[in-house]
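# Fold and geometry: a report
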Amino acid sequence: MNTRTRRSILAGAPAAFGLAGLILSACGGDAGESAAPAAPSTGGAAKGAPVKIGASVSTTGSNGKTGQYQVEAYQLWAEQINARGGLLGRPVEMVILDDQSDPTVGTKLYEKLINEDKVDLVLGPYSSGVTQAVSTVTEKYKYPMLSAGASASDIWKRNYKYVFGVYSVAESYFYGVIDLAKKNGLKTIAIINEDTVFPKATAAGTAEYARKEGFRIVFQEQYPTKVTDLSSLITKLKAAKPEVLVGGSYQPDSVLITRQAKELDLNVKMLAFSVGAAMPEFGEGLGKDADFIFGPSMWEPSLKTKGNSEFEASYKKKWNRDPDYHSATGFAGGQILEAAVLKAKSLDREKIREALSTLETDTVLPGKYKVDDTGTQLSHIPVVIQWQGKDKPVIGPDAMATAKPKFPMPEWKGR
Amino acid sequence: MVTLVQVVVSGLLLGGVYALLAGGLTLIFGVMRVINLAHGEFLMLGAYASFFLFARLGLNPILSLFLSMPLMFGVGWIAQRVLISRVVRAPLLTSLLLTYGVSLALTGGAQATFTNDFRSVPFLSGALNIGELAFSVPRLVACVTALVLTGAAQFFLSRTRWGKALRATAQSADVALACGIDIDRARMIAFGIATALAGAAGTLTSFLYTVYPEMGKTFMLKAFAVIVLGGMGSFPGAFLGALVLGVIESTASYVTTTQIAEAVIYITLLAMLLLRPQGFFGVKEA
């Protein structure tokens, strides 16, 4: 009897391992809503019932790190607007939830914000994948949404009327890098990217622009999210011998690519990454190996945009760390929403939508806020940064540059 | 030809780290028939231990193993004593639920304590070039360390008194008990060793990859595949399975793309379950 029980347990064991795998992959993020602390800071002369502004941002999961910057910026903006006397004289109360970097969770949370928490207005989530998903919800309920953490142009290719871009579309992130490569007489490029919405859009836009500028694309491939080893991909890249390597990436994969490029001695003249390279942790994690690497940035502290130094100082004071560009785009989202409400002179969402589609205003970001008929952002100007020592100065466009680009990237062996 | 050798070498180096993680997982399953879903979180804890020792004290990650492994052994010992011992004889689903709960708690705890910041340990980088071949120095060091630790664990299991007690408990807890073996202690030792091995795998991944609270899950799926390949409960099987999986992964990535390689891994897993469910070294249950 005893042996039989054991045997049947063992027979079930392989299936159990499969089940275990399934649980692991499926439970990535349906556990729901851990409400991040909202900041109903009271101050100034704001009176009356609060204006509830809802957002769900990834503060856990693979994009949790980046999303946290956006949440901090939303809360800083709310605090400042309350200190100024609130929105139309009423205090602002932020309702911020966490979608765990999962688009499905994000859609549920925006349903909850609108139907259960009965928020008056919303601000956008972080990452293009989540924004694309939740915009179906905000569109359904006719809530205008500023996409303060997303830029894949697909978001604005669906004839939606209620979603507005805050910064440049993902497709244009590497234009500055390619211009620089062209100026230095380079001819071949390789593009690799994570197979999710934003990196895909970045890669597609880069490929199209590079072709137009006369580059030959010698290698192009995608890799899955949460990849742990890219040695085979790097080996193939080595054989393709590109002069420029562009990675449509987030933080962990851009660090992994750089490390493995060095380990397998892949040398290029220019190396650039989206998102990862602009984050301070990129330099901390790679040390000297981060040098010479380029990255697009939507904002930098050195820029002389309106209110920028005040924004940086107050952010540092409140959160005790430097803002990242994702903080600035989040803050700009708040600034634009405020400008639109003032223009509409009401919390009527139709009027705010009207205002957002015609508004032209300054934010802490370089350029202006101005969208076309589809809601795509037109007037924001992305900059290019390069790691030089422990800093990442702006090296383009020329009008905003604080340092000269260092070119080419030396071979790993001689460094 | 050179590139093919390069790809196989990369795969073997990758497999070394998988072996360390899967070894502990299979040990727990062998001795207790418990599938430990929190194993990846123990890897994460080990990675954080090495990160903080490196960032605060400048301690070499390999040397930090001498501190972190005994610490993780203690963590495993306590986990077994307080939690896992309650479900050892329960149906498989009970222990799955328990360890999944532990996994969630550890991930959440790490998010609250360590934040979601991506951490890296800038330790070792670059390549060792032999002719046209490039050997990744950090991966080489990680793989050799993993080999040494796996070898030591295997030695312990096959040659020492407590190792034999562990294997006896794995074969039949009742008979082991009748022979005077303290099976509760044997189980605590097994869980402790497995946790220490997972922690060591975490240390090795800390300088290969990025450290963050959810890193464990990424590696766990691979560890399950390794165990199915190698044969559940078989320590040497896990080792061979890990190397095979590493080579399959890197070769498939080279021949096709990294995306398709992920699918190839799981197709291999399915094929193994269908054709040889006991794995390379598992004993066929008659």
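Reading guide: rules and limits
Residues numbered from 1 in each chain as written. Chains lettered and ligands numbered in written order. Predicted model: local features only at pLDDT ≥ 70, side-chain atom pairs only at ≥ 80, totals over all residues. Helix = DSSP H or I, 4+ residues; strand = E, 2+ residues; numbered from the N terminus. Buried ≥ 20, exposed ≤ 12 C-beta atoms within 10 Å, placed from the backbone. Contact = placed C-beta atoms within 7 Å. Rg over C-alpha atoms; globule rule 2.2 N^0.38 Å. Nonpolar A, V, L, I, M, F, W, Y, C, P; charged D, E, K, R; others polar. Axes fitted to C-alpha atoms, helices over the stretch in contact; angles between N-to-C directions. Parallel < 35°, antiparallel > 145°, perpendicular 65-115°, else oblique. Core = buried A, V, L, I, M, F, W, Y, C linked by C-beta atoms within 7 Å. Domains from an automatic or database assignment. Pairing = 2+ DSSP bridges. Left-handed = near helix turned anticlockwise from the far one by under 90°.

### So, the overall build of chain A
Summing up its helical and strand segments, chain A has 12 helices and 12 strands in all. Taken across its 415 residues, chain A has 57% of its residues classed as buried. Expressed as a percentage of contacts within chain A between residues at least 6 apart in sequence, the contacts between residues at least 24 apart total 70%.

### Re the overall build of chain B
When you go through chain B residue by residue, the secondary structure sums to 11 helices and 2 strands. Moving toward the C terminus, one meets the helices and strands of chain B in the order α-α-α-α-β-β-α-α-α-α-α-α-α. Computed over C-alpha atoms, the radius of gyration of chain B comes to 19 Å, within 12% of the 19 Å expected from 2.2 N^0.38 for 286 residues, which places it in the range of a compact globule. Dimensions along the principal axes, computed over C-alpha positions, put chain B at roughly 60 × 50 × 35 Å. Within chain B, buried positions represent 56% of all 286 residues. Long-range pairs, those at least 24 residues apart, make up 78% of the contacts in chain B between residues at least 6 apart in sequence.

### Section: the interface of chain B and chain A
Listed per partner, the contact involves 49 residues of chain B and 52 residues of chain A. Looking at the side of chain B that touches chain A, the elements that each hand over two or more residues are α1 (2–32), α4 (92–114), β1 (127–130), β2 (133–136), α5 (137–159), α9 (215–230), α10 (235–255) and α11 (258–275) of chain B. Examining the composition of the side of chain B that touches chain A, we find that 8 residues originate from one element, α9(B), more than from any other. Class assignment of the residues belonging to the side of chain B that touches chain A gives a composition of 24 nonpolar, 17 polar and 8 charged.

### Brief notes about the packing of helix α6 (residues 161–171) of chain B against helix α8 (residues 183–206) of chain B
Residues and elements named next belong to chain B. For the pair α6 and α8, interaxial distance at closest approach is 9 Å and the crossing angle is 105°. Comparing the axis directions of α6 and α8 gives the class roughly perpendicular. Across the interface between the two elements, W162, A165, L166 and T169 from α6 touch I183, A186, R187, I189 and A190 from α8. Tallied by class, residues from the contact of α6 with α8 come to 7 nonpolar, 1 polar and 1 charged.

### Points about the nonpolar core
Note that soluble globular proteins tend to have their nonpolar side chains buried in a common cluster. The biggest cluster of nonpolar side chains holds 215 residues, and the ones touching the most others in it are B:L21 and B:A190. Considering each element in turn, this core owes the most residues, 15 residues, to α1(B). When we break this core down by domain, the ones giving at least three residues each are domain 1 (51–168 + 303–358) and domain 2 (172–297 + 383–414) of chain A.

### Structural notes on the pairing of strand β11 (residues 383–386) of chain A
All names here are of chain A. Side-chain alternation along β11 places V383 and I385 on one buried face and V384 and Q386 on a second face that is also buried. Here strand β10 (residues 293–297) runs beside β11; their pairing, made up of 4 bridges, is antiparallel. Paired with S297 across the bridge in β11 is V383. Pairing between β11 and strand β12 (residues 394–396): 2 bridges, direction antiparallel. Pairing of V384 across the sheet is with G396, part of β12.

### Looking at unusual backbone geometry
Residue and element names in this part refer to chain A. Residue G396 is joined to P397 through a cis peptide bond whose omega torsion reads -5°. Looking at where P397 falls in the secondary structure, it is placed in the segment after β12. Going from F407 to P408, the amide bond is cis rather than trans, its omega being -15°. Secondary-structure assignment places P408 in the segment after β12. In the Ramachandran plot, K118 falls in the positive-phi region, its phi being about 50° despite a non-glycine side chain.

### Observations regarding the domain arrangement of chain A
Residues and elements named next belong to chain A. Looking at the assigned domains, one finds that chain A contains domain 1 (51–168 + 303–358) and domain 2 (172–297 + 383–414). Here the C-alpha centroids of domain 1 and domain 2 sit 29 Å apart. Counting from both sides, the interface comprises 15 residues of domain 1 and, opposite them, 13 residues of domain 2. The residue makeup of the side of domain 1 that touches domain 2, split by class, is 3 nonpolar, 8 polar and 4 charged.

### Focus: the packing of helix α11 (residues 325–344) of chain A against helix α12 (residues 349–358) of chain A
All names here are of chain A. α12 packs onto α11 with a crossing angle of 115° between their chain directions and a minimal axis gap of 8 Å. Judged by the inter-axis angle, α11 sits roughly perpendicular to α12. Seen from above, α11 lies across α12 with right-handed handedness. Counted together, A340, V341, K343 and A344 of α11 and K351, I352, E354, A355 and L356 of α12 form the full contact between these two elements. Counted by class, the contact of α11 with α12 contains 6 nonpolar, no polar and 3 charged residues.

### Here we look at the sheet that holds strand β3 (residues 121–122) of chain A
All names here are of chain A. The strand order β2-β1-β3 describes an open sheet built from 3 strands, whose pairing is parallel. The open sheet terminates on both sides in strands that have one partner only, identified here as β2 (92–98) and β3. As defined by bridge partners, strand β1 (residues 51–57) adjoins β3 across 2 bridges and the pair is classed as parallel. Across the sheet, the residue bridging to I53 is L121, located in β3. Here helix α3 (residues 103–115) sits on the sheet and contacts β1, β2 and β3; the angle it forms with β1, its principal contact strand, is near 170°.

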